[in-house]
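Results of the structural survey
Given next are the chains, with one letter for each unit.
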Amino acid sequence: QMCIRDRYQRRVHGGPVYKVRCNPFWQDIFMSCSADWTCKIWNYKEEKALTTLRSLDLTDEVMDAEWSPMNSCVFASVGKDGRLELWDLQRNILDPIVSEKSEGAAAKTMVRFCQKYPVVITGDSSGVVQVYRTYGFSDDNLDEKDQINKLQRTLYPNGYKSIEKANQDLENDA
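A word on the overall build of the protein. Scanning the protein from N- to C-terminus turns up 2 helices and 11 strands. The helix and strand sequence of the protein, counted from the amino end, reads β-β-β-β-β-β-β-β-β-β-β-α-α. Looking at the protein as a whole, 44% of its 174 residues qualify as buried. A sequence separation of at least 24 residues applies to 46% of the contacts in the protein between residues at least 6 apart. By element, 49% of the accessible surface of the protein is carried by carbon and sulfur atoms, the whole surface being about 10,300 Å².

Here is the structure:
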């Protein structure tokens, strides 16, 4: 028998949510991006965002976001103001590592990482596709378990305890 059930539902952004993307290494983690100028990182087992990310000078919608297939802590986002931002949560959880925007640029509407090469591709509202070569963002030496551990240490600096484990501990204490 198949079924689907809401785990929780709540208003989590101050405007429309444009994209929701699961982390390719740790499936418990996902991000959302929104018209409220933010990206939020979530653990689907928790009701509150782990962190909210927004560039200080961004005053427009975040149209798309995508996790890197080569580094569990890296993602890209694009804005309606034409910017591309690369975030590395391990290096800096407050600001993007790279922010690229041309004067008078059309709204960027999509972003994707190449699966095999250090390349980011964007598309914009005027029909232009741009290809960017990235440097210093891949972490090919790490296997999937190490990628998950790196992301856990980044998002949970005081240690990660799964919700199931925490509930078991509470039951055992009772």
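What follows continues from the structure just given.
Moving on, we come to the environment of Leu58. Here Leu58 shows up in the loop between strand E4 (51-53) and strand E5 (62-67). According to the relative accessible area criterion, Leu58 is buried, its value standing at 2%. Taking the C-alpha atoms as reference, Leu58 lies 6.8 Å from Trp37; in sequence the two are 21 residues apart.

A few words on the side chain of Arg21. With respect to the helices and strands, the residue Arg21 is situated in strand E1 (residues 17-22). One polar contact links the side chain of Arg21 to the main-chain carbonyl oxygen of Ala65, over a distance of 2.9 Å. Within the structure, Arg21 has its side chain in polar contact with the side chain of Glu66 (distance 3.4 Å). Sequence-distant contacts of Arg21, that is, excluding residues within four places in its chain, are made with Ile29, Phe30, Met31, Asp64, Ala65, Glu66, Trp67 and Arg112.

Further remarks concern unusual backbone geometry. Positive phi, close to 80 degrees, is recorded for Trp37, a residue that is not glycine. Mapped onto the fold, Trp37 is located in the loop between strand E2 (29-34) and strand E3 (39-43). Using a relative accessible area of 31% as the deciding quantity, one classes Trp37 as partly exposed.

Okay, the packing of aromatic side chains next. Evaluated as defined, the whole model comprises 6 aromatic pairs. Measuring from ring centre to ring centre gives 5.0 Å for Trp26 and Tyr160, while their planes differ by 85 degrees; the resulting arrangement is edge-to-face. A residue pair is termed long-range when its members are at least 10 positions apart, and Trp26 in the loop between E1 and E2 and Tyr160 in the loop between helix H1 (144-155) and helix H2 (163-173) qualify at 134 residues. By relative accessible area, which is 7% here, Trp26 ends up buried.

Another aspect to go through is the environment of Asp95. The topology assignment puts Asp95 in the loop between strand E7 (84-88) and strand E8 (98-100). Spatially, the C-alpha atom of Asp95 lies 7.5 Å from that of Leu53, the residues being 42 residues apart in sequence.

The next subject is the pairing of E3. In terms of burial, E3 is a largely internal element, 5 of the 5 residues being buried. Burial along E3 is two-sided: Cys39, Ile41 and Asn43 facing one way and Lys40 and Trp42 facing the other are all buried. Relative to E3, E2 runs antiparallel, the two sharing 5 bridges. Paired with Ile29 across the two strands is Asn43, which belongs to E3. Bridging between E3 and E4 involves 3 bridges; their strand directions are antiparallel. In the strand pairing of E4, Ile41 is matched with Thr51.

This brings us to the pairing of strand E11 (residues 129-133). On a regular strand, each side chain points to the face opposite its neighbour's, so the side chains alternate between the two faces of the sheet. Here strand E10 (residues 119-124) runs beside E11; their pairing, made up of 5 bridges, is antiparallel. Looking at E11, one finds that Val119 is bridged to Arg133. Turn length for the E10-E11 hairpin, with the two strands adjacent in sequence and antiparallel, is 4 residues, and the turn residue Gly127 shows positive phi of about 90 degrees.

Once that is clear, we can look at the environment of Val120. Along the chain, Val120 turns up in strand E10. Among all residues touching Val120, those that are not within four sequence positions of it are Leu84, Leu86, Val111, Arg112, Phe113, Gln130, Val131, Tyr132 and Thr134.

Scoring rules and cut-offs
Residues numbered from 1 in each chain as written. Predicted model: local features only at pLDDT ≥ 70, side-chain atom pairs only at ≥ 80, totals over all residues. Heavy atoms only, no water. Helix = DSSP H or I, 4+ residues; strand = E, 2+ residues; numbered from the N terminus. Buried < 20%, exposed > 50% of the residue type's maximum accessible area, 1.4 Å probe, protein only. Contact = heavy atoms within 4.5 Å. Areas by Shrake-Rupley, 256 points an atom, 1.4 Å probe, with all protein chains shown as cover. Polar contact = N/O pair within 3.5 Å; in protein donor to acceptor, adjacent residues only side chain to side chain. Phe/Tyr/Trp six-rings, centres within 6.5 Å; stacked < 30°, edge-to-face > 60°. Pairing = 2+ DSSP bridges.

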